[in-house]
Amino acid sequence: MREPALRMDGVSLGYGERTVLRGVSLAAREGEVLGVLGPNGSGKTTLVRGATRVLAPSSGSVTLLGRALPLYDRRELARALAVIPQEGTPLFPFTVLETVLMGRAPWLRPFAFEGEEDLRAAREALRAVGAEDLAARDLSELSGGERQRVVVARALAQGTRVLLADEPTAHLDLRHAVAVFALLRELRDARGLAVVVVTHDLNLAAAHCDRLVLLSRGAVAAEGTPREVLRPDLLADAFGTPVWVGRRSDGTPFVAAGGGPGTGNGTEEAGREDRR
Amino acid sequence: MSPRATAGRLLGAGALLLAAVAASLAVAAAVGPEVPEGRAASAETRRFVVEEIRVPRALLAALVGGALSVSGAAFQALLRNPLASPYILGVSGGGSLGAVAAIVGGLPLALGAVPLLPAFAFGGCLAAIALIHAVAQRRGHLLAQDLLLAGVVANSFFLALLSVLQYLATPHEAARILQWTLGAVRTGRVPFGAAALLCAIGLLSLLRDGVALNLLSVGDETAALLGVDVAAVRRRTFVAASILTGTAVAVSGPIGFVGLFVPHAVRRVLGPDHRVLLPSAFLAGAAFLVLADTAARSAFGAREIPVGVITAVVGAPAFVAILSRRERGAPEGDRP
């Protein structure tokens, strides 16, 4: 099997005295979408900070494309790993194309303007997310769904092999959330990217991710295919609430809080439902 | 806007604005009270008035206007606040305090033919920069809210000290202080070359970080993820913008509104890309202040009014117009 594009080995990580992640290991390969799940406070955001080198692990290591993360300089890192952050719109009225061209910043020299190659990369990225017709619009005029596509395009314009999305559907309605996940799968197929999605939306993750990692209290509680990870006992323990897991007609797990349809109570019933 | 269009926009705007600066300089050279009665306005006198008085003063006004506009644009990006002005962090307050302390403290205000007041003012600015930097620094970062807090507190502190000094001043000193705090472009107060060099260094430093400033206006996190050394860029921007403010204040005392509304006006026309905005704002601010200063010294006959009055009278309504038009144009409301 190929060397994973992004690998964490026994990473422990925290803020000062407080350790948030404890011995987390995971691997994302090119051509797959890896979902990182977990309740609030389980360490998802801290994991993103470790993968993007905002925080340095107190023990363990992060490897990106076969090279230890601390060996990258800032611009090299931005050429290897693109992140779709949770951040608001800019202060000033940049256009969509200008925003996507910002993804070329790690490739620009000081005092330089973007060249033909940068423009080509930006246009391709806009085409990949289906937002070509928005190019000249002011970012602040766009809807939440359109804006998120633009942010994905900016990450694509960076030209990296690894894409890390931090809660990319947090402010989106159902249709747009599904569209974002479908887009990430498309990028996996068309460009062979390694895609890591941090999300708390279990059902979108179940339907769209190839593999899942479930975080609970700063450690990996389960890892594997959606069927292996989305088990009522594991989820109930991680989220601290009864969870029902059913199956769609294609076998994809489907998760709901509390008891399932027709069942009066929580995990026990749900567990039976799952094994059926 | 494609990259080629962006570069083209810079060239086009640059050419137009250079022409505007040249035109404003020509106006400044041509306009003004005639040579006083009783003396023959010989060609020689006229030449002296234009070449030795009006043109140097207009060049200095251009430098100050440009410096304040660039500084304002940089502070707006640094503080993530479109209402930031070059004076918001109290750098100018420190400069005024330096100048006033020298006046009241009876320090020599000239060394032979070299005036020292601007040096004291610039020293005050540097001290303010160091103080604000030390207070606002948290784990190597100059975060916007820390800078604002430190700057606003420092400014109030400086103004309080300034009031004390004004209270203690003799009537003669008080007149000098008033003259200083009103702000005016006066030649002979500062070597033009030194001021121009400081401004050039500040502007170049900011231009080098042009892309980084664009990214910072999206957010520190995004900028860092796109390879920007956020802490270093924030520090460089703070120092460069403060040096520009300090130079302008040392030359002319505080002149309001230029640094607030020129960046906004330029951004409206040319967009927010700092690689275009900063040099264009420099030229636009230069042309604006040359014209404002020309009006200040000629609109009311031989009696000069403070140029800050002109910039405020023109700038305040213009700024309101820009802001209200923006509200109609773009939905600011849904921005976080």
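Residues numbered from 1 in each chain as written. Chains lettered and ligands numbered in written order. Predicted model: local features only at pLDDT ≥ 70, side-chain atom pairs only at ≥ 80, totals over all residues.

**Q** Teacher, can you tell me more about the overall build of chain B here?
**A** When you go through chain B residue by residue, the secondary structure sums to 13 helices and 2 strands. For 336 residues, the compact-globule formula gives about 20 Å, and the C-alpha radius of gyration of chain B, at 20 Å, lands near that figure. In terms of principal-axis extent, the alpha carbons of chain B reach across some 70 × 45 × 35 Å. Long-range contacts, defined here as pairs at least 24 residues apart, represent 79% of the contacts in chain B between residues at least 6 apart. (Helix = DSSP H or I, 4+ residues; strand = E, 2+ residues; numbered from the N terminus. Rg over C-alpha atoms; globule rule 2.2 N^0.38 Å. Contact = placed C-beta atoms within 7 Å.)

**Q** Looking at this structure, I do not really get the overall build of chain A. What am I missing?
**A** Regarding its fold elements, chain A presents 10 helices and 12 strands. For 276 residues, the compact-globule estimate of 2.2 N^0.38 gives 19 Å, and chain A sits close to it at 19 Å. Each principal axis of the C-alpha distribution contributes one length, and for chain A these read about 65 × 40 × 35 Å. Expressed as a percentage of the 276 residues in chain A, the buried residues total 49%. A separation threshold of at least 6 residues defines the contact pool for chain A, and within that pool the share at least 24 residues apart is 65%. (Buried ≥ 20, exposed ≤ 12 C-beta atoms within 10 Å, placed from the backbone.)

**Q** What is the right way to look at the interface of chain A and chain B in this model?
**A** One frequently used descriptor of interface size is the decrease in accessible area upon assembly of the parts. Contacts between the two partners involve 35 residues from chain A, matched on the other side by 30 residues from chain B. Elements with a contribution of two residues or more to the side of chain A that touches chain B: helix H2 (74–80), helix H3 (96–101) and helix H4 (116–128) of chain A. The element contributing the most residues to the side of chain A that touches chain B is H2 of chain A, with 4 residues. Here the residues of the side of chain A that touches chain B are counted per class, giving 20 nonpolar, 7 polar and 8 charged. (Nonpolar A, V, L, I, M, F, W, Y, C, P; charged D, E, K, R; others polar.)

**Q** Can you walk me through helix H4 (residues 117–136) of chain B in this structure?
**A** For an α-helix, 3.6 residues make a turn, and residues three or four places apart therefore share a direction. Its 20 residues place the ends of H4 of chain B 28 Å apart at the C-alpha level, agreeing with the 28 Å of an ideal helix rising 1.5 Å per residue. Here H4 of chain B has its buried residues at Leu117, Pro118, Phe120, Ala121, Phe122, Gly124, Cys125, Ala128, Ile129, Ile132 and Ala136 of chain B. (Expected span 1.5 Å × (residues − 1).)

**Q** Can you help me understand the packing of helix H5 (residues 144–157) of chain A against helix H6 (residues 174–191) of chain A in this one?
**A** Angle between the axes and distance between the axes are the two parameters that describe a pair of packed helices. All names here are of chain A. Contact geometry for H5 and H6: axes closest at 10 Å, N-to-C directions at 15 degrees. Comparing the axis directions of H5 and H6 gives the class roughly parallel. Crossing of H5 against H6: the hand is right-handed. Only His176, Ala179, Val180 and Leu183 of H6 make contact with H5, whose side of the interface consists of Gly144, Gly145, Gln148 and Val152. (Axes fitted to C-alpha atoms, helices over the stretch in contact; angles between N-to-C directions. Parallel < 35°, antiparallel > 145°, perpendicular 65-115°, else oblique. Left-handed = near helix turned anticlockwise from the far one by under 90°.)

**Q** Sorry if this is basic, but what is going on with the environment of glycine 218 of chain A here?
**A** Residues and elements named next belong to chain A. Within the fold, glycine 218 resides in the loop between strand S9 (211–216) and strand S10 (219–224). Using a count of 20 C-beta atoms within 10 Å as the deciding quantity, one classes glycine 218 as buried. Sequence separation between glycine 218 and arginine 149 is 69 residues, and the spatial gap between their C-alpha atoms is 30 Å. Discounting chain neighbours no more than four positions away, the residues touching glycine 218 are Val20, Leu21, Arg22, Ser42 and Gly43.

**Q** Teacher, can you tell me more about the sheet that holds strand S1 (residues 6–15) of chain A here?
**A** Adjacent strands of a sheet pair through backbone hydrogen bonds, lying either parallel or antiparallel. Residue and element names in this part refer to chain A. What the 4 strands build is an open sheet, ordered S2-S1-S4-S5; its pairing is antiparallel. The open sheet has two edge strands, strand S2 (18–28) and strand S5 (67–68), and neither has a second partner. Sheet topology note: the S1/S2 ladder contains 7 bridges and is antiparallel. Residue pairing in the sheet places arginine 7 in a bridge with alanine 27 of S2. (Pairing = 2+ DSSP bridges.)

**Q** Would you explain unusual backbone geometry in this entry?
**A** For residues besides glycine, phi is generally negative; the peptide bonds are generally trans as well. Residues and elements named next belong to chain A. One non-glycine residue with positive phi stands out, namely leucine 65, at about 50 degrees. Tracing the chain through its elements places leucine 65 in the loop between strand S4 (59–64) and S5. On the basis of neighbour counts, which here come to 17 C-beta atoms within 10 Å, the residue leucine 65 falls in the partly exposed class.

**Q** Sorry, what's going on with the pairing of strand S6 (residues 81–84) of chain A here?
**A** Sheet faces and side chains relate simply in a regular strand, where the side chains alternate between the two faces. Residues and elements named next belong to chain A. Side chains of S6 alternate between two faces, with Leu81 and Val83 and Ala82 and Ile84 buried alike. Sheet topology note: the S6/strand S7 (residues 162–166) ladder contains 4 bridges and is parallel. Bridge pairing in S7 links alanine 82 to leucine 163.

**Q** Where do I start with the environment of isoleucine 322 of chain B in this structure?
**A** Residue and element names in this part refer to chain B. Note on placement: isoleucine 322 falls in helix H13 (residues 307–329). Taking the C-beta count within 10 Å as the criterion, isoleucine 322 has 15 such neighbours and is therefore assigned partly exposed. Leave out the neighbours within four places in its chain, and isoleucine 322 touches Phe261, His264, Ala265 and Arg268.

**Q** Any chance you could explain the domain arrangement of chain A here in plain terms?
**A** Residues and elements named next belong to chain A. Each assigned domain of chain A is listed here: domain 1 (6–224) and domain 2 (231–276). Here the C-alpha centre of domain 2 lies 30 Å away from the C-alpha centre of domain 1. Opposite the 11 residues of domain 1 that make contact, domain 2 presents 8 residues. Among the elements of the structure, helix H7 (202–208), S9 and S10 are those that each provide at least two residues to the side of domain 1 that touches domain 2. Ranked by residues supplied to the side of domain 1 that touches domain 2, first place goes to H7 with 4 residues. Of the residues in the side of domain 1 that touches domain 2, the class split is 7 nonpolar, 4 polar and no charged. (Domains from an automatic or database assignment.)

**Q** It is not clear to me how the sheet that holds strand S3 (residues 32–37) of chain A should be interpreted in this structure. Could you clarify?
**A** Residue and element names in this part refer to chain A. The strand order S6-S7-S8-S3-S9-S10 describes an open sheet built from 6 strands, whose pairing is mixed. Among the strands making up the open sheet, the edge pair consists of S6 and S10. When strand polarity is set aside, the average angle formed by the axes of neighbouring strands in this sheet is 15 degrees. Pairing geometry for S3 and strand S8 (residues 194–198), over 5 bridges, is parallel. Among the inter-strand pairings, valine 36 is bridged to a residue of S8, identified as valine 198. Contacts from helix H9 (residues 232–239) reach S9 and S10, with the element oriented near 40 degrees to S9.

**Q** Would you explain the packing of H4 of chain B against helix H5 (residues 144–168) of chain B in this entry?
**A** Residue and element names in this part refer to chain B. For the pair H4 and H5, the least separation of the axes is 9 Å and the interaxial angle reads 135 degrees. Classified by the angle their axes make, H4 and H5 are oblique. The two elements H4 and H5 meet at a crossing, and its hand is right-handed. When H4 is examined against H5, the residues Ala128, Leu131, Ile132, Val135 and Ala136 are found in contact with a partner set consisting of Asp146, Leu147, Ala150, Gly151, Ala154 and Phe158. Here the contact of H4 with H5 is composed, by residue class, of 9 nonpolar, 1 polar and 1 charged.

**Q** Just to check I follow, could you spell out helix H12 (residues 274–298) of chain B for this structure?
**A** Along its 25 residues, H12 of chain B runs 35 Å from first to last C-alpha, staying within 8% of the 36 Å computed at 1.5 Å per residue. Of all 25 residues in H12 of chain B, 24 are buried; the element is thus mostly enclosed.

**Q** I would appreciate a short explanation of the confidence of the model for chain A in the present structure.
**A** The predicted coordinates should not be examined in detail at positions where pLDDT is low. Predicted confidence across chain A gives a mean pLDDT of 89, with 92% of residues reaching 70 or more. Every residue in residues 263–276 of chain A is under pLDDT 50, and counting partners more than four places away or in other chains gives 32 contacts. (pLDDT = per-residue confidence, 0-100.)

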